[in-house]
Amino acid sequence: MDMERRLVFYRWRSVDGAPPFDRLAAAEAIEHLADTPARKLRHGDFSIDVEINAVGDDTAPTKIIIEKLRSYEERPWARAPGEVATPTNIRPDQDMLDFSHAVIWPDGYAAFTVGGLGPAPSALVAFLEFRVDQALALIPLYEQDLVERLRNWRGLRMVSLSIRNSSAVQTELNATQGAFRGILRQITQEQDIAVLRTELAVPRRGKGARQRLLSIPVEDVVELAEHSEAFDSLRVVGLTRAGRIERFDLITQRLQVIRRLPRAAQGGHRTDDEATFHALLNARATVESDGQLQRAAEASLA
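Just so it is clear, the structure is predicted and the values come from calculations on it, not from any experiment.

(A) Looking closely at the nonpolar core. In terms of nonpolar packing, the biggest core is built from 29 residues, with Val50, Ile64, Ile66, Phe112, Leu124 and Leu128 touching the most fellow members. Secondary-structure elements contributing two or more residues to this core are strand E1 (3-14), helix H1 (23-31), strand E3 (46-54), strand E4 (62-70), strand E7 (96-104), strand E8 (109-114), helix H2 (121-132) and strand E9 (136-142). Excluding residues within four positions of it along the chain, Leu128 makes contact with Phe21, Ala26, Ile30, Asp133, Gln134 and Leu136. Counting 20 residues, the second largest nonpolar core, distinct from the first, contains Trp153, Ile216, Val221 and Val236.

Given below as structure tokens:
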């Protein structure tokens, strides 16, 4: 059975204050890492590893497989109806793996598969930094019209978000500034399986209700959108300078293509590598041919 994935686009650039990101040197350095337990990088509540499918060159993209690893102690449990649940049977030196795929082009664009149980793009960023000393920044892309309309907002009337709690999510959000910091920090008090659903909204009735605004800058919400991989949903309602009420979903209105990808021939919860990379390359051709990529705007109101 095929599996649905979102093929999500980013701009990539070097990190301010760090040496320029060298895509080819990073890929070659990963290829030369020793395949030992020390290679794995702890990232939140799981570990990560990265495999290079193709290094690329000055014109060809780099193709990457990102792996989320759960150790013997962290392995899931399984059971059949009528049976008692028991831990999955793997060797103590083995890990349970889930996969994501990425393509990084030489011209500053990147695309990642998002969905299923695979690791988020932030896993690759962390691995590059701590295993091969390469600093990479990924900036989400949106339709130009959405960003322009956000710039025209007087302010926010409602923000609705849901987020699955884990230490990995906290790693992403602890550095986030602005009005949501207190709310997001409360998540650390919850259990790992908790899902936080929060809606902040102005009263919808009463005198002057239509003109009421939250004391949250639009810029803060756009900054949260840079961490959108951590959210299950992030919806906003705002008031334009002309007095109109507008609604946006900052997750589904990213520059992305949704595809159904074939499962790996060996089975399991992994898409076929060759088909997945082909889909990522084809997705770029799609958003480029109709002008979406050229019109896309970064998650910034600057």
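There is more to say after this.
(B) Up close: H2. Along its 12 residues, H2 runs 16 Å from first to last C-alpha, staying within 8% of the 16 Å computed at 1.5 Å per residue. At the C-terminal side of H2, Asp133 shows a positive phi close to 55°.

(C) Representation of the packing of H1 against H2 in the model. Axis separation between H1 and H2 bottoms out at 11 Å; the angle between their running directions is 70°. Put simply, H1 runs roughly perpendicular to H2. Between H1 and H2, the contacting residues are Ala26, Ala29 and Ile30 on the first element and Phe127, Leu128 and Val132 on the second. For the contact of H1 with H2, the class distribution of residues is 6 nonpolar, no polar and no charged.

(D) View of the side chain of Thr240. Looking at the element boundaries, Thr240 is found in strand E12 (residues 233-240). Take Thr240: its relative accessible area is 1%, and that puts it in the buried class. If we skip the residues at most four places from it in the chain, Thr240 touches Asn152, Trp153, Arg154 and Glu246.

(E) Quick look at the pattern of salt bridges. Under the defined criterion, the tally for this structure stands at 10 salt bridges. In this structure, Arg91 and Asp93 form a salt bridge, with 3.0 Å as the shortest nitrogen-oxygen distance. You can call Asp93 exposed: its relative accessible area is 59%. When the shortest N-O distance is used, the salt bridge between Arg270 and Asp273 registers 2.8 Å. Three or more residues joined by partner-sharing salt bridges are found here, namely Asp107, Arg284 and Glu288.

(F) Region of the structure containing the side chain of Gln134. Along the polypeptide, Gln134 turns up in the loop between H2 and E9. Each residue touching Gln134, except ones within four places of it in the same chain, is listed here: Pro20, Phe21, Asp22, Ala25, Ala26, Leu128 and Glu129.

(G) Expanded view of the confidence of the model for the chain. On average, residues of the chain score 84 in pLDDT, and 84% of them are at 70 or above. Per-element confidence in the chain ranges from a low mean pLDDT of 45 for helix H4 (residues 167-173) to a high of 98 for H1. Here residues 165-194 is a poorly scored stretch, pLDDT under 50, and it has 52 contacts once near neighbours within four places are set aside; other chains count.

(H) Here's a closer look at helix H3 (residues 144-151). Those residues of H3 that sit buried are Leu146, Val147 and Leu150. Down the axis, H3 shows its buried residues gathered within 95° of arc, on one side only.

(I) Geometry of the environment of Asp98. Tracing the backbone through its elements, the reader meets Asp98 in strand E7. When the C-alpha positions of Asp98 and Gly118 are compared, they lie 5.0 Å apart, and in sequence the two are 20 residues distant. Apart from residues no more than four positions distant in its own chain, Asp98 is found in contact with Ile66, Glu67, Lys68, Arg70, Leu117, Gly118, Pro119 and His269. Here the side chain of Asp98 touches Arg70 through a polar contact of 3.1 Å, side chain to side chain.

(J) Here's a closer look at unusual backbone geometry. Although it is not a glycine, Asp133 adopts a positive phi angle of roughly 55°. For Asp133, the position within the fold is in the loop between H2 and E9.

(K) Structural detail: the pairing of strand E13 (residues 245-249). Pairing of E12 with E13 involves 5 bridges; the strand directions are antiparallel. Its bridge partner being in E13, Val237 is matched across the sheet by Arg247. Counted along the chain from E12 to the antiparallel partner E13, the turn is 4 residues long, and its residue Gly243 has a positive phi close to 90°.

Rules of the game
Residues numbered from 1 in each chain as written. Predicted model: local features only at pLDDT ≥ 70, side-chain atom pairs only at ≥ 80, totals over all residues. Heavy atoms only, no water. Core = buried A, V, L, I, M, F, W, Y, C linked by side-chain atoms within 4.5 Å. Buried < 20%, exposed > 50% of the residue type's maximum accessible area, 1.4 Å probe, protein only. Helix = DSSP H or I, 4+ residues; strand = E, 2+ residues; numbered from the N terminus. Contact = heavy atoms within 4.5 Å. Expected span 1.5 Å × (residues − 1). Axes fitted to C-alpha atoms, helices over the stretch in contact; angles between N-to-C directions. Parallel < 35°, antiparallel > 145°, perpendicular 65-115°, else oblique. Nonpolar A, V, L, I, M, F, W, Y, C, P; charged D, E, K, R; others polar. Salt bridge = Lys/Arg side-chain N within 4 Å of Asp/Glu carboxyl O. pLDDT = per-residue confidence, 0-100. Arc of directions from axis to C-beta. Polar contact = N/O pair within 3.5 Å; in protein donor to acceptor, adjacent residues only side chain to side chain. Pairing = 2+ DSSP bridges.

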